Structure formats: structure tokens, C-alpha cells
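Residue-level structural notes
The chain contents come next:
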Amino acid sequence: MSRKPFLAGNWKMYKISSEAESFAKEFKSLVSDVKDRDILICASFTLLPVLAKEFNGTNIMLGAQNMYFEKEGAFTGEVSPLQLIDAGAKYVILGHSERRHIFGETDELINKKVKAALQYNLLPILCVGELLEEREAGKTEAVVKTQVVEGFKGLSKDEALKVTIAYEPVWAIGTGKTATPEDADSVHSFIRKVLSEIYDKDTSEKIRIQYGGSVKPENIDSLMAKPNIDGALVGGASLKADSFTRIVKFN
Ligand code: PGA
């Protein structure tokens, strides 16, 4: 089963429009020769229009980092799936650990968001991952299993196939500590087992699983060499065009 490599940048709450525009101009020429790999930048809502204009007609896709699950309504400060599509997004990151742990998002809320995204044809990247104390207590698989099972709850097989999973151990995000390629691959393979229990083996083999957490030009090649690592969700190292290009062009 060959899954197309999927390299995504998560800019978090960084950059203003002028910085996004200059990144985009440089990055699109650096990666214009890349084929057979999916490239995505997930940026703040305010940056989507300028990036949509720059990436139009290129091989770079655009995504958001969160959304609410309603189409419209009295939800001050929220953004809807329709508004994201209108702004040029194709993907949306859901359940990032910063959403779970800083903003208190639950598996139930995240599941509603996953369903709403799919309903409006936005492709979700569902983030899962354990805290350091959970890993140290030997609970990694239990935590990740719950997040996957709850995140996919109520999704048909066809819907499940539109979801990408990002496994991001919380202790590795922004810390410079990466899971070893072996540790990451073993959690990815466990996630595939969970998916095959919910759906079937064929479906579990088709769903892409990205690794995230201190992915850098220096470690991308060894991560991507692992059979169950299908891509990366990259924070800090996606903010500079040259380092993210090196990640996209992993060997
Ligand atoms: P990092 O962030 O690459 O800066 O560790 C990854 C993420 O939070 O998606």
C-alpha cells in the first residue's frame, strides 16, 4: 500500500500578512518541482486570503488550524467551515494538543468538528497524542486509542478515508525532543490497528498518519523512512521557507 507523502506546516499564531506573502513567494518557487507529495500550509484565519492568492495554481494547498462546527449563527469570535472554504482553505487541523490543553477541547467537541468539516467538504487533520506523564505511566496506547475512537465516532468508511491523522506526542511539540522514528512508527502502527478494528484492514492501510513534534530538516529523512509514517505536521520548522522546503524534499 503506498500512501502519498503529506507534508504540512502548522504556523500556529505566527506571521502577519506581509510576512505570509513573502514566505509564499519564496516557498512556491522553491517547491514548484515537487511531484507526488502533498504540500499544505495551515495558517491563521487572517492570513488565508493572501495565501490563497499566492498559492492559486500552485502545488501548495491551504488549511486552517481550528473551526466551530456550526454553519453560521450567534457564535461570537468563532469561524465556520463555510467561511474557511470561502477563504480558500481545503484542510483544517482539528484537536491540536494546544486546543485540547490550553482551550479545553474535548474528544466530543472535536468529533463534532470533524463531522462538520466533512459535511462541508473540508478535509480534517485530526491530532492525537499523549502527555509526558501519560507516556511515563505506560498509557500512550490507551490515550491515543480513545482519541482515535472518539474522533472517528459516527464516521462512515468513506468519511474516514478523508481524514488524516497527526500523531503528535505532546512532550515533543516545540521542545526539540522528537520521538525516535522507531517509537513514532510503533504508535502509528498501533493507530492503524485501531482503525482496522473500527473499519477494516484496507481502510486502515489507506488513511495517512503524519508525525508531529519537533520535526526538523535534520530528522525528517529518518522519520519518513519508517513504513507507517506518511508525512509530518511541522510547527517551528515550517515558518522559514528554506527549512520547510528541505522537509518537503525529504530523501
Ligand atoms: P513543532 O510543532 O514542530 O514546533 O514541535 C508541531 C505542532 O504543534 O504541530
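As a starting point, this report considers the structure included with it. Throughout this description, residue numbers start from 1 for each chain and increase along the sequence as written. Local features in this predicted model are restricted to residues of pLDDT 70 or higher, and side-chain atom pairs are both shown and tallied only at a pLDDT of 80 or more, whereas totals for entire chains, interfaces and linings draw on every residue. Side-chain metrics in this entry use all non-hydrogen atoms of the structure; hydrogen atoms and water are not considered.

1. As for the environment of Val170
Our working rule: Here a helix means four or more residues in a row that DSSP labels H or I, a strand means two or more in a row labelled E, and each is numbered from the N terminus. We call two residues in contact whenever any of their non-hydrogen atoms come within 4.5 Å of each other.
With respect to the helices and strands, Val170 occurs in the loop between β6 (164-167) and α9 (181-198). In the structure, Val170 is positioned 35 residues away from Arg135 in sequence and 9.7 Å away in space, judged by C-alpha atoms. Look past the residues within four positions of Val170 in its chain and what remains in contact with it is Ser97, His101, Gly129, Glu130 and Leu131.

2. Brief notes about the side chain of Asn219
The cut-off we apply is this: Under this definition, polar contacts are N or O atom pairs within 3.5 Å; protein pairs additionally need one hydrogen-donor-capable and one acceptor-capable atom, and for neighbouring residues in sequence, both atoms have to be side-chain atoms.
Secondary-structure assignment places Asn219 in the loop between β7 (209-212) and α11 (220-224). Polar contacts involving the side chain of Asn219 include one to the main-chain amide nitrogen of Lys216, which spans 2.7 Å. Ignoring anything within four residues of it in the chain, the contact list for Asn219 reads Thr178 and Ser214.

3. Looking at the pattern of salt bridges
Pairs can form between side chains of opposite charge once their charged atoms are near each other. Spelled out, the test is: The working definition used for a salt bridge is a side-chain nitrogen of Lys or Arg within 4 Å of a carboxyl oxygen of Asp or Glu. Using a 1.4 Å probe on the protein chains alone, a residue whose accessible area is under 20% of its type maximum counts as buried, one over 50% counts as exposed, and one in between counts as partly exposed.
The full count for this structure, using the stated rule, is 23 salt bridges. The shortest N-O distance in the salt bridge between Lys12 and Glu98 comes to 2.8 Å. Separated by 86 residues along the polypeptide, Lys12 in the loop between β1 (6-10) and α1 (17-30) and Glu98 in helix α4 (residues 97-102) bring together distant segments of the chain. Here Arg246 ties to Asp221 by a salt bridge, and the two come within 2.6 Å at their closest N and O atoms. Linking Arg246 in helix α12 (residues 241-248) with Asp221 in helix α11, this pair joins segments that are 25 residues apart in sequence. Here Arg246 falls in the partly exposed class, since its relative accessible area comes to 28%.

4. A word on the pairing of β6
Our working definition: Here the rule is simple: two strands pair whenever DSSP picks up at least two bridges between them.
Side chains of β6 alternate between two faces, with Thr164 and Ala166 and Ile165 and Tyr167 buried alike. Examined bridge by bridge, strand β5 (residues 123-128) and β6 share 4 bridges and lie parallel to one another. Its bridge partner being in β6, Leu126 is matched across the sheet by Ile165. Where β6 and β7 come together, 3 bridges link them in parallel fashion. Along β7, the bridge assignment pairs Ala166 with Gln210.

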